[in-house]
Amino acid sequence: MSTLRVAVPNKGSLSAAVTEMLSEAGYRQRRDSRELALTDPENDVEFFYLRPRDIAVYVGRGVLDLGITGRDLMMDADVDDAVEELMPLGIGASTFRIAGPQGEFSDFSELNGKRIATSYRVLVDHYLEEHGIQAETVRLDGAIETSIRLGVADAVADVVETGSTMRAAGLEPFGPALMKSEAVLIGRKDHHPKAEDRLVRRLRGVIVARQYAMLDYDIPKSLVDEAMRLTPGLESPTISPLADPEWVAVRAMVKENLVNRVMDELYDVGARAILVTPINACRL
Ligand SMILES: Nc1ncnc2c1ncn2[C@@H]1O[C@H](COP(=O)(O)OP(=O)(O)OP(=O)(O)O)[C@@H](O)[C@H]1O
Ligand SMILES: O=P(O)(O)OC[C@H]1O[C@H](OP(=O)(O)OP(=O)(O)O)[C@H](O)[C@@H]1O
Ligand SMILES: [Mg+2]
């Protein structure tokens, strides 16, 4: 089996989070941000640290097997025929919005005949065409928010997370989001090397481990059915006997963001000794 070649963002918003995720999945990662590539012989994987915008291009050309980048950047690379999204990674979430000076626009139809500055020209042109909006896109590399003030555009289209960058520039998003983005694992449509399955399973394990916690509690046997409705687990919860024949111990995975609510409800039902432990890793 040949070494799996994987592209990872070398800088920008996704870089640190992606590297951390791969480390949690048990892969070696670079220590120094100047390293351009790194071999992990134990797992037979080679990582290439590339600009997030270029990653879909390398995967699309078939020189790398897998890549991690933003969904928005993958769309903008215009490689739909060669590349597909294999899995969202639950990190680097953002929306892609059109914005204008505060109070100036309220509907996309008002963009007809206007200029929109963006570094995502393919994505924006595609959206405009699909929605029958006749606007000109002005391709800029970054700091898009300044383009209106300097008179090269009437509106901007850019990544919005908290919205503070737009607000600080006196802009406000209007209309629906063009898309929702996050970091995604991408691969080639026509070729899935066997070794890719293991990386996918490991990353999925990290995602699940981050989303779930392990919940343990004791409950009188007579109340088990009611408690189990609150903690159905993934397959089904583990139920173990206790020294007291009237009681049992229950163990189930619970969504991290629901843990406190479920604990309250279990307590009300009659569960006691309710414990939560984080899950470090898992393979489902
Ligand atoms: N503030 C943010 N929050 C979440 N995701 C973001 C944010 N800014 C950018 N992204 C996402 O990160 C990915 C890469 O964008 P990023 O801005 O990091 O790259 P870049 O602009 O090429 O790099 P740099 O900003 O370092 O020049 C995109 O998919 C984008 O949606
Ligand atoms: O909604 P917010 O939370 O403010 O985040 C969105 C901003 O973050 C990114 O910029 P980045 O820091 O990557 O700078 P760039 O313009 O150089 O890409 C993006 O391009 C937006 O400008
Ligand atoms: Mg950026």
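From a predicted model like this one, the values you see are computed outputs, not experimental measurements.

Caption draft 1: Examining helix α2 (residues 52–60) more closely. When α2 is considered as a whole, its buried residues turn out to be Pro-52, Ile-55, Ala-56 and Val-59. The buried residues of α2 occupy an angular sector of 90° when projected down its axis, which confines them to one face. Contacts made by the buried residues of α2 are with β1 (4–9), β3 (45–50), β4 (66–70), α3 (71–76), β5 (83–88) and β11 (183–188). Backbone geometry just downstream of α2 places Gly-62 in the positive-phi region, at approximately 85°.

Caption draft 2: The UniProt feature "domain: Histidine biosynthesis HisG C-terminal" (unreviewed entry) in the chain, seen in detail. Those residues carrying the UniProt feature "domain: Histidine biosynthesis HisG C-terminal" (unreviewed entry) are residues 209–280 in this numbering. Helix makes up 29% of residues 209–280 and strand 40%, with an end-to-end C-alpha separation of 6 Å.

Caption draft 3: Broad picture of the sheet that holds strand β12 (residues 212–220). Strand order across the open sheet formed by four strands is β13-β14-β12-β15, with antiparallel pairing between neighbours. What marks the edges here is a single partner per strand, and that holds for β13 (238–241) and β15 (272–278). Neighbouring strand axes in the sheet, compared pairwise and without regard to direction, differ in orientation by 20° on average. As defined by bridge partners, β12 adjoins β15 across five bridges and the pair is classed as antiparallel. Note on β15: the bridge partner recorded for Met-214 is Thr-277. Most of the contacts of helix α6 (residues 195–211) go to β12, to which it runs at about 50°, and overall it touches β12 and β14 (247–255).

Caption draft 4: Spotlight on the site of ligand 1. Looking at ligand 1, there are 14 residues lining it, with Gly-12, Ser-13, Gly-70, Asp-72 and Glu-161 nearest. Here Arg-51 contributes a side-chain N or O atom positioned 3.3 Å from an oxygen atom of ligand 1. Contact distances for ligand 1 include 3.2 Å between a nitrogen atom and a side-chain N or O atom of Glu-161. Protein coverage of the free-state accessible area of ligand 1, which is 600 Å², stands at 68%. Class assignment of the residues belonging to the shell around ligand 1 gives a composition of six nonpolar, five polar and three charged.

Scoring rules and cut-offs
- Residues numbered from 1 in each chain as written.
- Chains lettered and ligands numbered in written order.
- Predicted model: local features only at pLDDT ≥ 70, side-chain atom pairs only at ≥ 80, totals over all residues.
- Heavy atoms only, no water.
- Buried < 20%, exposed > 50% of the residue type's maximum accessible area, 1.4 Å probe, protein only.
- Helix = DSSP H or I, 4+ residues; strand = E, 2+ residues; numbered from the N terminus.
- Arc of directions from axis to C-beta.
- Contact = heavy atoms within 4.5 Å.
- UniProt positions renumbered as here; feature names shortened; annotations may be inferred.
- Pairing = 2+ DSSP bridges.
- Axes fitted to C-alpha atoms, helices over the stretch in contact; angles between N-to-C directions.
- Near = heavy atom within 4 Å.
- Polar contact = N/O pair within 3.5 Å; in protein donor to acceptor, adjacent residues only side chain to side chain.
- Areas by Shrake-Rupley, 256 points an atom, 1.4 Å probe, with all protein chains shown as cover.
- Nonpolar A, V, L, I, M, F, W, Y, C, P; charged D, E, K, R; others polar.

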